[in-house]
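Letter by letter, the chains look like this.
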Amino acid sequence: MKKNIELLAPAGDLMKLKVALIYGADAVFIGGHKFSLRSRASNFTLDDIKEGCDFAHKLNKKVYVTCNIVMHQKDLSGLKDYLISLKEAGVDAIITSSLYMAMLAINEVHLQAHISTQDSILNTSAIKYFSSLGIERVVLARECSLEDIKNICGQNITQIEVFIHGGMCSSYSGKCMLSNCMTNRDANRGGCAHSCRWKYDLYDGDSKLNKNNEYFSMASKDLNALQFIPDFIEMGVDSLKIEGRMKSLNYIACVCKAYRKCIDDYISGNELNFDTYNDIIKYCENRETGTGFLKGNVTKTEQLFQLDNECRRSGEFVGIIISYDKETKIAKMILRNKITKDANYSVFSPYTNDTLIYIEEFEVKGNNKLESYSVANDIISFRCEKELHEFDIIRALEY
Amino acid sequence: MLFLLEVSSLKQIKENIDRVDGFIMGYESFTSFCANKFSFAEVEEATTISKNIYINLNEMLHNSSQDDFIKVITKLASLCVHFIVQDFGAALLIKDIIDLDKVIFNPVTLITNEMDASVYNKLGFEGIICSSEITCEDVKTISLKNHNMGCVGFGYHPMYQSYRHIIDLYTDNLKIDVKNKESLFLKEWTRDKKYHVLDTESGSVIFRPYVISLFKEFSLLSNLKFFIINTIFIDYDQVNLICELVSDLKNNKIDASIVEKKLEETFTIEDGFIYEDSIYNPEEF
């Protein structure tokens, strides 16, 4: 049993980094302004990275920086200086698809490197080689089955990281050029246009096989591996990765708390309650989920044939608490969605079970006469008898 | 520069034995996509026709298949063939059986700069194939620094490879009967182009709509060691035409611009990323 298994969460900005760690992640992966996929995520400046590392290290947690673009010639410029900057900022490791970058980081910058899932690593043959180079961790391809993962971990070659939750590429990661070929946006350098989620017709020669009101889709359901957490712990997996640097604060908080609870319950010998864990995640899901390749190659139940059915629940997320004064009982909150006065709200907290609060009125920019307000990122304050904490999430009961 | 031709029959090897420098054959196992798959007996016969047979084992190698892969390599190695592999772990397994100087590593997308090429080069591969996502200028730069580089110089390029059987899953879900799985295309709703799509035992592959030809920038490629001609979806007679042109080019009877002109008369050719690098910085969207 791997009692110190790592829960690794994505963070698209500094606030998300803090939320991920507070809600239970042991480590976060973030992107800098250079060499990182997900270029539309609000990536971190070097100052942000340093602040994030300081925050994480005070909690005895880690920060990894994705440097996982497939570098073209012009991308090579400034690489070593950037890696040195990351090292100086306190980054614990980079995640890269480039063997050259990994070697440069380890041998010349003395910064650890993890091999990215962009390399689609499926077998011990490659893992042994990476280990021989001093690479301390390999992120397995999402196409690995539970049996594959068990056999790989059983050989105890190097640290193994597996995906447990979030979006699944339809293609082998790193092998997809759909976006690049169709839109000139290079997925292997962070520009993925998600062309696999578009609508297509299927033809046999000149004959269209699907009906006019139907379409061909190669899109995949998201991964939800909650039920396999005990297996991963028993196998000796080192790190469990949640996907989604583009995801919201609410998503990161929910998913981290659910998986944290599941891991802790299993390691503590408590009874597992998957309904409870999944109920936490349901508040933030925006796509149907499945078990990916963990049970072997996918069946049709893992595909998303009706893309229009994607559910979106983000409207429930009203805001996140940034401070609470115990004497005045005034809470300050960064608003994300509409707040209405004279209403009940639920509190999703990293420290307690969900509770209800009543907000009689709120104040924004000196005005406390508003019936409702919905300008995202504005700071509002309200009085709350119940003690709230920094990073508590406030949700609307109806929206 | 060595011209390697992907073949669909033994007859094609015989007919082009003096025109190109080597022949690429798919195999009955561990080949994902190719012009045709051959049995061990056919590969053995091919080696009696040409000494330069390259077996294209381009399937991604799953962990549980490693032992079977070693058996296949051991058997094929007795025929003194060369190998082309896409999976890095597969390449390293071959290294335990034969020297890598008979192995071409073609990871399809990963070789995009001189430094990464150099890291793989040090392992001793016979050849390393540049990504089709980079410009010819970048291919030139990489090949100036690394002596054994190659490119896929002609043919339909894959643009999606999946372990999923996307066609089977879809047609099963909608109960659609597909008579001929070899002639399937996808067409995105807002675009006119049709993309070849294959469902194989290894998963699914989608191809670019038109062939890409690097003959038009041939002068930039003079330092390359390998020029691969993919022939999947290309008619037999058209393959022979390509080989005739290559032969004339090699013998200095014509220059590459004539080759390109002749090919343009036969094929719809797209530039891919020959000239234009793709975009990825946020401010570029």
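Residues numbered from 1 in each chain as written. Chains lettered and ligands numbered in written order. Predicted model: local features only at pLDDT ≥ 70, side-chain atom pairs only at ≥ 80, totals over all residues. Heavy atoms only, no water.

## What to know about the overall build of chain A
We apply this condition: By definition, any uninterrupted DSSP run of H or I lasting at least four residues is a helix, any uninterrupted run of E lasting at least two residues is a strand, and each is numbered from the N terminus. Values of the radius of gyration come from C-alpha atoms, whereas the globule rule sets the reference at 2.2 Å times the count of residues to the power 0.38. A simple rule labels every residue: compare its accessible area, found with a 1.4 Å probe on the protein chains alone, to the largest value its type can have, and call it buried under 20%, exposed over 50%, or partly exposed in between. For this analysis, residues touch if any pair of their heavy atoms sits within 4.5 Å. Surface exposure here means Shrake-Rupley accessible area, sampled with a 1.4 Å probe, where a residue is shielded only by the protein chains that are shown. Positive charges come from Lys and Arg, negative ones from Asp and Glu, while His and the chain ends are left out of the count. The atom standing in for a charge is NZ when the residue is Lys, CZ when it is Arg, CG when it is Asp and CD when it is Glu.
Of the regular secondary structure elements, chain A holds 10 helices and 21 strands. On C-alpha atoms alone, chain A measures out to a radius of gyration of 22 Å, which is about the 21 Å that the 2.2 N^0.38 rule sets for 399 residues. Over its C-alpha atoms, taken along the principal directions, chain A stretches across nearly 65 × 60 × 50 Å. Looking at chain A residue by residue over its 399 residues, the buried ones come to 61%. Taking contacts inside chain A between residues at least 6 apart in sequence as the whole, the part at least 24 apart equals 66%. Of the roughly 15,300 Å² of accessible surface on chain A, a fraction of 44% belongs to carbon and sulfur atoms. Positive and negative side-chain charges in chain A, numbering 49 and 53 respectively, have mean positions lying 2 Å apart.

## Observations concerning the packing of helix α2 (residues 46-58) of chain A against helix α3 (residues 79-89) of chain A
All names here are of chain A. Selection criterion: A fitted line through C-alpha atoms serves as each axis, taken over the contacting stretch for helices, and the angle formed by two N-to-C directions is quoted from 0 to 180°. Crossings are classed by handedness, with left-handed meaning an anticlockwise turn of the near helix from the far one by less than a right angle and right-handed meaning a clockwise turn. Charged means Asp, Glu, Lys or Arg here, nonpolar means Ala, Val, Leu, Ile, Met, Phe, Trp, Tyr, Cys or Pro, and polar covers whatever is left, Gly included.
Where α2 contacts α3, the two axes come as close as 9 Å, and the packing angle between them is 35 degrees. Classified by chirality, the crossing of α3 by α2 is right-handed. Of the residues in α3, those touching α2 at L46, I49, K50 and C53 are Y82, S85, L86 and A89. Within the contact of α2 with α3, the residues separate by chemical class into six nonpolar, one polar and one charged.

## Describing the interface of chain B and chain A
Many authors give the size of an interface as the accessible area that is lost as the parts come together. This is how it is decided: Accessible area that two parts lose when put together, evaluated with a 1.4 Å probe and summed over both, is termed the buried area. What counts as a salt bridge is simple: a side-chain nitrogen of Lys or Arg found within 4 Å of a carboxyl oxygen of Asp or Glu. Identification of polar contacts relies on pairs of N or O atoms within 3.5 Å, with a donor-acceptor requirement for protein atoms, meaning one able to donate a hydrogen and the other able to accept it, and with residues adjacent in sequence counted only if both atoms are side-chain atoms.
Facing the 73 residues of chain B at the interface are 72 residues of chain A. Contact between chain B and chain A buries roughly 6,700 Å² in total, counting both sides, with carbon and sulfur atoms accounting for 58%. Our count for the contact surface shared by chain B and chain A stands at two salt bridges. Between the two partners, chain B and chain A, sit 41 residue pairs in polar contact (both at pLDDT 80 or more).

## Notes on the packing of aromatic side chains
For the record, the criterion: Here the aromatic set is Phe, Tyr and Trp, taking the six-membered ring for Trp, and pairing holds for ring centres within 6.5 Å; pairs whose planes are under 30 degrees apart are stacked, those over 60 apart are edge-to-face, and all others are tilted. By definition here, charges over rings are those cases where NZ of Lys or CZ of Arg is within 6 Å of the ring centre and within 35 degrees of the ring normal.
For the structure on display, the rule yields 26 aromatic pairs over all chains. Where F105 of chain B meets Y120 of chain B, the ring centres are 5.2 Å apart and the plane angle is 45 degrees; that geometry is what we call tilted. Here Y120 of chain B lies in helix α5 (residues 114-121) and F105 of chain B lies in strand β6 (residues 103-105), a separation of 15 residues in the sequence. The pair F105 of chain B / Y120 of chain B is uniform in exposure class, with both members buried. Ring centres 6.4 Å apart and planes at 50 degrees place the aromatic pair F154 of chain B and F215 of chain B in the tilted group. Taken as a pair, F154 of chain B in strand β8 (residues 149-155) and F215 of chain B in the loop between β13 (211-213) and β14 (226-229) lie far apart in primary sequence, 61 residues in all. Of the two residues examined, F154 of chain B and F215 of chain B, each falls in the buried class. Three or more aromatic residues link up through ring pairs in this structure, and these residues are Y129 and F130 of chain A together with F88, F105, Y120 and F125 of chain B. Taking the ring centre of Y283 of chain A as reference, the NZ or CZ of R395 of chain A above it sits at 4.0 Å.

## Description of the sheet that holds strand β8 (residues 200-204) of chain A
Convention followed: In this description, strands pair whenever DSSP reports at least two bridges between them.
Read across the sheet, six strands follow the order β9(A)-β8(A)-β10(B)-β11(B)-β12(B)-β9(B) without closing on themselves; strand pairing throughout is antiparallel. This sheet does not close on itself; its edge strands, each paired only once, are β9 (207-208) of chain A together with β9 (158-162) of chain B. Along the sheet, helix α7 (residues 166-174) of chain B contacts β8 of chain A together with β9, β10 (184-188), β11 (195-200) and β12 (203-207) of chain B; its crossing angle with β11 of chain B, the most-contacted strand, is approximately 90 degrees.

## Considerations on the packing of helix α1 (residues 14-22) of chain A against helix α9 (residues 249-268) of chain A
All names here are of chain A. Put simply, the test is: By definition in this entry, angles of less than 35 degrees are roughly parallel, angles greater than 145 are roughly antiparallel, angles of 65 to 115 are roughly perpendicular, and the rest are oblique.
In contact at an axis separation of 8 Å, α1 and α9 are set at 15 degrees when each is read in the N-to-C sense. Taken together, the axes of α1 and α9 are roughly parallel relative to one another. As for how α1 packs across α9, the hand of that crossing is right-handed. Taken together, the residues of α9 that come into contact with α1 (itself represented by M15, K16, V19 and A20) are L249, I252, A253 and C256. Its residues assigned to classes, the contact of α1 with α9 comprises seven nonpolar, no polar and one charged.

## Re the pairing of β8 of chain B
All names here are of chain B. Keep this limit in mind: Note on handedness: a crossover is taken as right-handed if, strands pointing away from the viewer, the path from the first strand over the helix to the second is clockwise.
Within β8, seven of the seven residues are buried, which leaves it mostly tucked inside the rest of the structure. Regarding topology, helix α6 (residues 136-145) serves as the crossover connection from strand β7 (residues 127-129) to the parallel β8, and that connection is right-handed. Pairing of β8 with β13 involves two bridges; the strand directions are antiparallel. Residue G155 lies in a different strand from β13, and its bridge partner there is I212.

## Digging into the environment of D255 of chain B
Residue and element names in this part refer to chain B. Summarising the element assignment, D255 is placed in the loop between α8 (236-250) and α9 (256-266). Classification of D255 as partly exposed rests on a relative accessible area of 44%. Placed 143 residues apart in sequence, D255 and T112 show a C-alpha to C-alpha distance of 28 Å.

## Remarks on the sheet that holds strand β16 (residues 343-348) of chain A
All names here are of chain A. Taken in spatial order, the seven strands of this open sheet run β17-β16-β21-β13-β14-β20-β18, and their pairing is antiparallel. Here the strands that pair on one side only, and so sit at the sheet edges, are β17 (355-359) and β18 (362-364). Sheet twist, expressed as the average angle between the axes of neighbouring strands with direction ignored, equals 35 degrees. Sheet strands touched by α9: β13 (317-325), β16 and β21 (393-396). Its angle to β21, the strand with the most contacts, is close to 105 degrees.

## Observations regarding the pattern of salt bridges
Residues and elements named next belong to chain A. Within the structure shown, the criterion is met by 31 salt bridges over all chains. With a shortest N-O distance of 3.7 Å, E288 and K221 are connected by a salt bridge. Of this pair, E288 sits in the loop between α10 (274-282) and β12 (289-290) while K221 sits in the loop between β9 and β10 (222-224), placing them 67 residues apart in sequence. Of the charged contacts, one joins D354 and R395 as a salt bridge, the two residues approaching to 3.8 Å between their closest N and O atoms. Taken together, the positions of D354 in the loop between β16 and β17 and R395 in strand β21 put the pair 41 residues apart, joining distant regions of the chain. Among the residues examined, D354 registers a relative accessible area of 39% and is labelled partly exposed.

## Some thoughts on the side chain of D204 of chain A
Relative to the helices and strands, D204 of chain A is located in strand β8. Every residue in contact with D204 of chain A, bar those within four places of it in the chain, is listed here: L209 of chain A together with K179, N180, S183 and L184 of chain B.

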